[in-house]
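Structural description and commentary
The chain contents come next:
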Amino acid sequence: MTQSAFRAQLLTFNGDPAQSPDAARFFDDGVVIVEDGRVSASGAWSALKDRLHEGALVHDLRDKLIVPGFIDTHIHYPQTDMIASPAPGLLPWLETYTFPTERGFENEALAQDTANFFVDELLKSGTTTALVYCTVHKQSADALFTASEAKNLRMVAGKVLMDRHCPEFLRDTAQSGYDDSAELIGRWHNKGRQMYALTPRFAPTSTEAQLEACEALARAHGDIFIQSHVAENLDEVKWVKELFPRQRSYLDVYDHYGLLRRRAVYGHCIWLDEEDRQRMAQTGAVAAHCPTSNLFLGSGLFDFDKASESQMPVTLATDVGGGTSFSMLQTMNEAHKVARMGGHHLTATRMFWLATAGAAQALDLADKIGTLAPQSEADFVVLDPKATPLLARRTARAESLEELLFAFALLGDDRAVFETYAAGARVHSREAA
Ligand code: GUN
Ligand code: ZN
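An unreviewed UniProt entry lists the chain under the name Guanine deaminase, with Paraburkholderia bannensis given as the organism. What the UniProt record of the chain gives under Sequence similarities (unreviewed entry) is the line "Belongs to the metallo-dependent hydrolases superfamily. ATZ/TRZ family." The Catalytic activity (unreviewed entry) field of the UniProt record for the chain holds the comment "guanine + H2O + H(+) = xanthine + NH4(+)".

What follows is the structure in structure tokens.
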């Protein structure tokens, strides 16, 4: 079997750094050995070099840092071209920019062109897995999966469901949304590395009939993902209260329809209360914290202390185009500041865990991605500590792993991503780009 080896500094995880001081595993002179798209071994070069076969291709990346591929748990590919569109808050932003932009995705050529660009932009940022919202059009999901499959990425995506409170031209019906989602699940879920996410946009844009259809699909397919938005903005929370007066809270609407469970991922989770957080923790539903979006749209500040106390699973996400960067490094930068505003010190080591192994664990994908452990799919990023003159000067003075990672998180972006690998194949090279 052909082997390839990547000799570099390595960072991987065997637990949550907030819970165990030994969770981060760092090798100053390390190697990742890849066979057949999977990691066959990783660790110290001195311990593993004898395992290399004669003729194994050894990539010498000794001045670089290899980390597991980043996982972005909430992003909208159709909003790629409308990133950085200003509006006074979420609801006007949806009306003014988002819905008119998403209308264009009934056109298959536009959808495919955008999906191809989007996938390249993820890889350029070191993101190898994302949970992706498409539009209401089923061909928009075909376009995204086609682009991802071409690069052999582990990707999770779904067609948006919305049958009310949006322009007529973007509406499905409870029945057509059910049928289209079922067809897409059949076509794409677990096809190679592709996985399906049932995607009701958010409670205000689905009728009770549509949420019941979601419940039925979720029950019929226990291993698909579910993704939606919850408690992002106070006007939105108020609106949900009016629309669903019988439900205790916004989150409780999803709970009522059986949509809180493992592999269910909810964007934002800013305005949850204690009971909501307990329900997330009990059911294994996951919060996708989207700091660049929350700051940009003025939605609010995610409370890291309360999230940690409740033990609800938390991950990091960009939420492009509400989010302002594809980069998970920039997302860490803003997550750190949002946490600081709440008096919580979020370390860089923990943010790297949240964006890799922590996300994989929360998404029930830890046996496949998120670490450099043997048998993992070989998705990883090669980071360049000298990517910019400033980063070079700062990382040269780093006296600990935490300082090195903190410099990447605060000063890094796509320029810091030297190469990206998916299933052992190089899918982005900064030099070649
Ligand atoms: N809530 C409903 N739809 C959206 C969306 O597209 N982006 C964000 N940030 N929030 C939403
Ligand atoms: Zn979103």
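Moving on from the model shown.
**Remarks on the overall build of the chain**
Check the secondary structure of the chain and you find 16 helices and 16 strands. Expected size for 433 residues packed as a compact globule is a radius of gyration near 22 Å; at 21 Å, the chain falls within 12% of this value. Each principal axis of the C-alpha distribution contributes one length, and for the chain these read about 65 × 45 × 35 Å. When burial is assessed residue by residue, the chain has 62% of its 433 residues classed as buried. Residue pairs in contact within the chain that sit at least 24 positions apart in sequence constitute 74% of those at least 6 positions apart. Here the chain displays about 16200 Å² of accessible surface, and carbon together with sulfur accounts for 49% of that area. Here the chain holds 41 positive side-chain charges and 58 negative ones, and the gap between their average locations is 3 Å.

**Examining the pairing of strand β16 (residues 425-429)**
Strand direction decides the pairing type here: strand β15 (residues 417-422) and β16, joined by four bridges, are antiparallel. Following the sheet pairing, Thr-420 is matched in β16 by His-428. Between β15 and β16, which pair antiparallel one after the other, the connecting turn spans two residues, and Ala-423 there sits at a positive phi close to 45°.

**Observations concerning the packing of helix α5 (residues 174-188) against helix α6 (residues 208-220)**
Relative placement of two packed helices is described by the angle separating their axes and the distance separating the axes. The interhelical angle for the contact between α5 and α6, taken along N-to-C directions, is 25°, at an axis separation of 9 Å. By the angle between their directions, the pair α5 and α6 is classed as roughly parallel. Crossing hand, α5 versus α6: right-handed. Contacts between α5 and α6 involve Ala-174, Tyr-178, Ser-181, Ala-182 and Ile-185 on the former and, on the latter, Ala-209, Gln-210, Ala-213, Ala-216 and Leu-217.

**Comments concerning the pattern of salt bridges**
It is possible for side chains of opposite charge to pair when their charged atoms get near one another. Taken as a whole, this structure holds 32 salt bridges when the rule is applied. With a shortest N-O distance of 3.2 Å, Arg-219 and Glu-215 are connected by a salt bridge. Linking Arg-219 with Glu-215, this pair stays in helix α6, spanning four residues, or about one helical turn. We note a salt bridge from Glu-275 to Arg-248, for which the minimum N-O separation is 3.4 Å. With a gap of 27 residues between them, Glu-275 in helix α9 (residues 274-283) and Arg-248 in the loop between α7 (234-243) and α8 (250-256) connect regions that are remote in the sequence. With a relative accessible area of 36%, Arg-248 lands in the partly exposed category. Residues joined by salt bridges that share partners form a network here, namely Lys-138, Asp-142, Asp-180, Glu-183 and Arg-187.

**Regarding the packing of aromatic side chains**
Two aromatic rings, taken as a pair, are described by how far apart their centres are and by the angle between their planes. Counting across every chain of the model gives 13 aromatic pairs. Ring centres 4.8 Å apart and planes at 65° place the aromatic pair Phe-6 and Tyr-421 in the edge-to-face group. In this pair, Phe-6 is assigned in strand β1 (residues 3-13) and Tyr-421 in strand β15, connecting sequence segments 415 residues apart. According to the relative accessible area criterion, Phe-6 is buried, its value standing at 1%. Directly above the ring of Phe-418 sits Lys-64, whose terminal nitrogen or CZ lies 4.3 Å from the centroid.

**With respect to the coordination of the zinc ion (ligand 2)**
Only His-74 (NE2), His-76 (NE2), His-229 (NE2) and Asp-319 (OD) from the protein coordinate the zinc ion (ligand 2), and they sit 2.0 to 2.2 Å from it. Each of the four donor atoms around the zinc ion (ligand 2) contributes to a set of angles spanning 91 to 165°, which defines the coordination as irregular. Donor residues for the zinc ion (ligand 2) sit on one chain with the sequence pattern H-x1-H-x152-H-x89-D. Given a relative accessible area of 3%, His-76 falls into the buried group.

**Comments concerning the site of ligand 1**
Lining the immediate surroundings of ligand 1 are His-76, Gln-79, Leu-90, Trp-93, Leu-94, Arg-201, Phe-202, His-229, Glu-232, His-268 and Asp-319. Here an oxygen atom of ligand 1 and a side-chain polar atom of Gln-79 are 2.9 Å apart. Between ligand 1 and the protein, one listed contact pairs a nitrogen atom with a side-chain N or O atom of Asp-319 at 2.7 Å. Burial of ligand 1 by the surrounding chains reaches 100%, relative to a free accessible area of 280 Å².

**Some details on α9**
Listed as buried for α9 are Asp-276, Arg-277, Met-280 and Thr-283. The buried residues of α9 occupy an angular sector of 140° when the element is viewed end-on, so they sit on one face. One side-chain oxygen at the N-terminal end of α9 lies 3.2 Å from the backbone nitrogen of Glu-275; it belongs to Asp-273. Within two residues after α9, Gly-284 carries a phi angle of roughly 85°, on the positive side.

**Some thoughts on the sheet that holds β15**
Pairing is mixed in the open sheet, where seven strands are placed in the order β3-β2-β1-β4-β14-β15-β16. Lying at the two open borders of the sheet, with one neighbouring strand each, are β3 (38-44) and β16. Across the sheet, the axes of successive neighbouring strands diverge by a mean angle of 35°, strand direction being ignored. Strand direction decides the pairing type here: β1 and strand β2 (residues 24-35), joined by 10 bridges, are antiparallel. In the sheet register, Phe-13 faces β2, and the bridge partner there is Ala-24.

**A look at the UniProt feature "domain: Amidohydrolase-related" (unreviewed entry) in the chain**
UniProt feature "domain: Amidohydrolase-related" (unreviewed entry): in the numbering of this structure it lies at residues 66-424. With 44% helix and 16% strand, residues 66-424 has end C-alpha atoms that lie 13 Å from one another.

**A closer look at the packing of helix α12 (residues 328-341) against helix α16 (residues 401-411)**
Contact geometry of α12 with α16 gives a least axis separation of 6 Å together with a crossing angle of 100°. Classified by the angle between their axes, α12 and α16 sit roughly perpendicular to one another. Contacts between α12 and α16 involve Leu-329, Gln-330, Met-332, Asn-333, His-336 and Lys-337 on the former and, on the latter, Phe-406, Phe-408, Ala-409 and Leu-410. Here the contact of α12 with α16 is built from residues that sort into six nonpolar, three polar and one charged.

Rules used throughout
- Residues numbered from 1 in each chain as written.
- Chains lettered and ligands numbered in written order.
- Predicted model: local features only at pLDDT ≥ 70, side-chain atom pairs only at ≥ 80, totals over all residues.
- Heavy atoms only, no water.
- UniProt positions renumbered as here; feature names shortened; annotations may be inferred.
- Helix = DSSP H or I, 4+ residues; strand = E, 2+ residues; numbered from the N terminus.
- Rg over C-alpha atoms; globule rule 2.2 N^0.38 Å.
- Buried < 20%, exposed > 50% of the residue type's maximum accessible area, 1.4 Å probe, protein only.
- Contact = heavy atoms within 4.5 Å.
- Areas by Shrake-Rupley, 256 points an atom, 1.4 Å probe, with all protein chains shown as cover.
- Lys, Arg positive; Asp, Glu negative; His and termini not counted.
- Charge placed at Lys NZ, Arg CZ, Asp CG, Glu CD.
- Pairing = 2+ DSSP bridges.
- Axes fitted to C-alpha atoms, helices over the stretch in contact; angles between N-to-C directions.
- Parallel < 35°, antiparallel > 145°, perpendicular 65-115°, else oblique.
- Left-handed = near helix turned anticlockwise from the far one by under 90°.
- Salt bridge = Lys/Arg side-chain N within 4 Å of Asp/Glu carboxyl O.
- Phe/Tyr/Trp six-rings, centres within 6.5 Å; stacked < 30°, edge-to-face > 60°.
- Lys NZ or Arg CZ within 6 Å of the ring centre and 35° of its normal.
- Donors = N, O, S within 2.8 Å, 3.2 Å for Na, K, Ca; no water.
- Tetrahedral: all angles 85-135°; square planar, octahedral: opposite > 155°, others 65-115°.
- Near = heavy atom within 4 Å.
- Polar contact = N/O pair within 3.5 Å; in protein donor to acceptor, adjacent residues only side chain to side chain.
- Arc of directions from axis to C-beta.
- Nonpolar A, V, L, I, M, F, W, Y, C, P; charged D, E, K, R; others polar.

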